[in-house]
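Spelled out from the first residue to the last, the chains are:
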Amino acid sequence: MHKKEFLILLTVLVFSTLLSCGQKENTDNTLPNDITIYPVELLVNTTIKGDLISEDFIGLSFETGSVRTNNAGVNGQFFSANNKQALFIFKQLGIRNLRIGGGSVDANQSVPTNADIDALFAFAQTADIKVIYSVRLLNGDMNEAVNTAKYIWDRYKTNLECFAIGNEPDWDSYHNQDPEITDYPTFLAKWKKFANAIVAAIPEAKFTGPHTGSNYPVTGAKNTYYNGKSWTENFAIDMKSSGLITMISQHNYVGQDATNRNAQELIDNMLLSSWTTDLYPKLYDANLLPVVNLGYRYRLAESNSYSGQVDGASNSFATALFSLDYLHWWAEHKCSGVNFHNKQWVKNAPIFMDVLGNFQVNPVGYGIMAFNLGGHGYVQPMTMTNSKQINLTAYAVRNNMNVYVTIINKEHGSNAREAKVTIDIPGNVASAATTALTSSSKSVTAYDANLGGYSIYNDKDWQGSWSVLLPDNNDKCIINVPASSAVIVNITLKN
């Protein structure tokens, strides 16, 4: 038996033995000395249900450059019906939405050819995904944008979610490079000019925008507001009566730029409880709740923990816990979907290319797949009692007669605490099973992850294990959730 296989097996055995039916957050990464297990109680209300999570909630965002042939070390085209490895990974992770854009859509580079676009949509058809396709706005050629949109619409509208125009127009780079765009009003005028030209050629065309770059008022973000409102909200207001907008798009790199920061700082930040209690709500309340109140759907069309990369943090197991938590939090807050940015081939990209040219999954992708296991259905109301303030989040999703409860223990370090979680669905539990998201070393600094004791491969289906969990005499499910791990509990309800 190989060392990696032994470590994975050992992890599964440890979790199997744990099943049964105001301290500060820790920032170092040695194994815990305190074996005390702290209680947390979850009460799931199955008499009502929340919002339906969209089937295409899980998405990826790629640069326009990735559509071109021989880009970023790829031999040929990454997006191709012949890229069996990438197609298989998309299926495993549950990717149903693909946004093409990023900074390269507005860069002085050659646009994808018709052959490149053909290959992209052959990939989309094979993967059964919808594409948000961006055309250039910054110093853009309107005729070129119209011709590209018309080519896609005439051939591939079945797999087209909508069009987008430009990328992150609120940054100063736009105002410094395009004489037609100096502020929000001039951006809006040019955006409308391009959109109207596309609609003249394609009367049924729909769009998303504005793909805003600043996530202010999140800590560290630049304030790009216009007249006291985000460009996101201004755009939603100004385009409300146009009939052109199918959803609003916002970008979000929660921790801002990773450049010149050390790995430990980035890991600690990703696992702070304040990301879910402060930073996410700040962005939602300021920029996205107003959009919802205007009657729009919204999508985090480009997103990740940080922009840029730091080895040992951007590719650490901490990113798996972050992505699982992030997806569930936004699903609870009326988001239509999240597209993790997969810039080729930064270390926080869910999919990367190894030195042999094969496509593999980074730890952040394991959190995405964990959400795919327990994130389909309706958001289920749940209350948590956490008297010891364990750094723990929990979410419930109902799919017919199954309730999936995802528990994420973000404690890490020498004083990290294990949680004894009691799930109460009063009088309504028929059976239950669990699977775990862990690293082989039980450390958030690990470079690996596994789900149900199994890796994600590029050529074979996930074969991770679910362990039977026996409810107690009161139909309560009790599970120990170690620090630096997550557990998904699949509870089948009585008829």
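Relevant structure appears above.
Please read all numbers here as calculations on a predicted model, not as lab measurements.

1. A look at the environment of P426
Part 1 of the argument: Note that P426 resides in the loop between β17 (418-424) and β18 (429-438).
Part 2 of the argument: The class for P426 is exposed, based on a relative accessible area of 56%.
Part 3 of the argument: Measuring from C-alpha to C-alpha, the distance between P426 and T46 comes to 8.9 Å, with 380 residues separating the pair along the chain.
Part 4 of the argument: Other than its neighbours up to four places away in sequence, P426 contacts L43 and V44.

2. Some details on unusual backbone geometry
Part 1 of the argument: Residues G209 and P210 are joined by a peptide bond in cis, for which omega reads 0 degrees.
Part 2 of the argument: Here Y216 and P217 are connected by a cis peptide whose omega angle stands at 20 degrees.
Part 3 of the argument: Tracing the backbone through its elements, the reader meets P217 in the loop between β7 (207-212) and α7 (231-238).
Part 4 of the argument: Although it is not a glycine, Q256 adopts a positive phi angle of roughly 65 degrees.
Part 5 of the argument: The backbone of N400 shows a phi angle near 60 degrees, a positive value even though the residue is not glycine.
Part 6 of the argument: Note that N400 resides in the loop between β15 (392-399) and β16 (402-409).

3. Here's the deal with helix α4 (residues 142-156)
Part 1 of the argument: Look at α4: 21 Å from first C-alpha to last across 15 residues, which is about the 21 Å you get at 1.5 Å a residue.
Part 2 of the argument: Taken together, the buried residues of α4 touch α3 (114-127), β5 (130-135), β6 (160-165) and α6 (184-201).
Part 3 of the argument: Residue D141 occupies the N-cap position of α4, its side-chain oxygen lying 3.0 Å from the main-chain nitrogen of N143.

4. Details of the packing of aromatic side chains
Part 1 of the argument: Considering all chains together, one arrives at 35 aromatic pairs under this definition.
Part 2 of the argument: An angle of 35 degrees between the planes, with centres 5.4 Å apart, marks the rings of Y184 and Y226 as tilted. Of the two residues, Y184 is situated in helix α6 and Y226 in the loop between β7 and α7; the sequence distance between them amounts to 42 residues.
Part 3 of the argument: A residue is classified by how much of its surface remains accessible, and Y184, at 2% relative accessible area, is buried.
Part 4 of the argument: We classify Y226 as partly exposed; its relative accessible area is 29%.
Part 5 of the argument: Here a set of aromatic residues connected by ring pairs shows up, and it is made of W275, Y280, Y284, Y298, Y306, F322, Y326, W329, W330 and F340.

5. Focus: the pairing of β7
Part 1 of the argument: Among the 6 residues in β7, 6 count as buried, and that is most of the element.
Part 2 of the argument: Note that β6 and β7 share 2 bridges and pair parallel. Bridge pairing in β7 links A164 to T208.
Part 3 of the argument: Relative to strand β8 (residues 245-253), β7 runs parallel, the two being bridged by 5 bridges. Looking at β8, one finds that P210 is bridged to S249.
Part 4 of the argument: Once you follow β7 into α7 and on to β8, the crossover reads as right-handed.

6. A closer look at the nonpolar core
Part 1 of the argument: Counting 121 residues, the largest nonpolar core has F79, W191, F207, W330 and L437 as its most contacted members.
Part 2 of the argument: Sort the elements by how many residues they give to this core and helix α10 (residues 318-331) lands first, with 10 residues.
Part 3 of the argument: With 26 residues, the next largest nonpolar core counts V405, V421, A432 and V489 among its residues.

Conventions we followed
Residues numbered from 1 in each chain as written. Predicted model: local features only at pLDDT ≥ 70, side-chain atom pairs only at ≥ 80, totals over all residues. Heavy atoms only, no water. Helix = DSSP H or I, 4+ residues; strand = E, 2+ residues; numbered from the N terminus. Buried < 20%, exposed > 50% of the residue type's maximum accessible area, 1.4 Å probe, protein only. Contact = heavy atoms within 4.5 Å. Expected span 1.5 Å × (residues − 1). Polar contact = N/O pair within 3.5 Å; in protein donor to acceptor, adjacent residues only side chain to side chain. Phe/Tyr/Trp six-rings, centres within 6.5 Å; stacked < 30°, edge-to-face > 60°. Pairing = 2+ DSSP bridges. Right-handed = clockwise from strand over helix to strand, strands pointing away. Core = buried A, V, L, I, M, F, W, Y, C linked by side-chain atoms within 4.5 Å.

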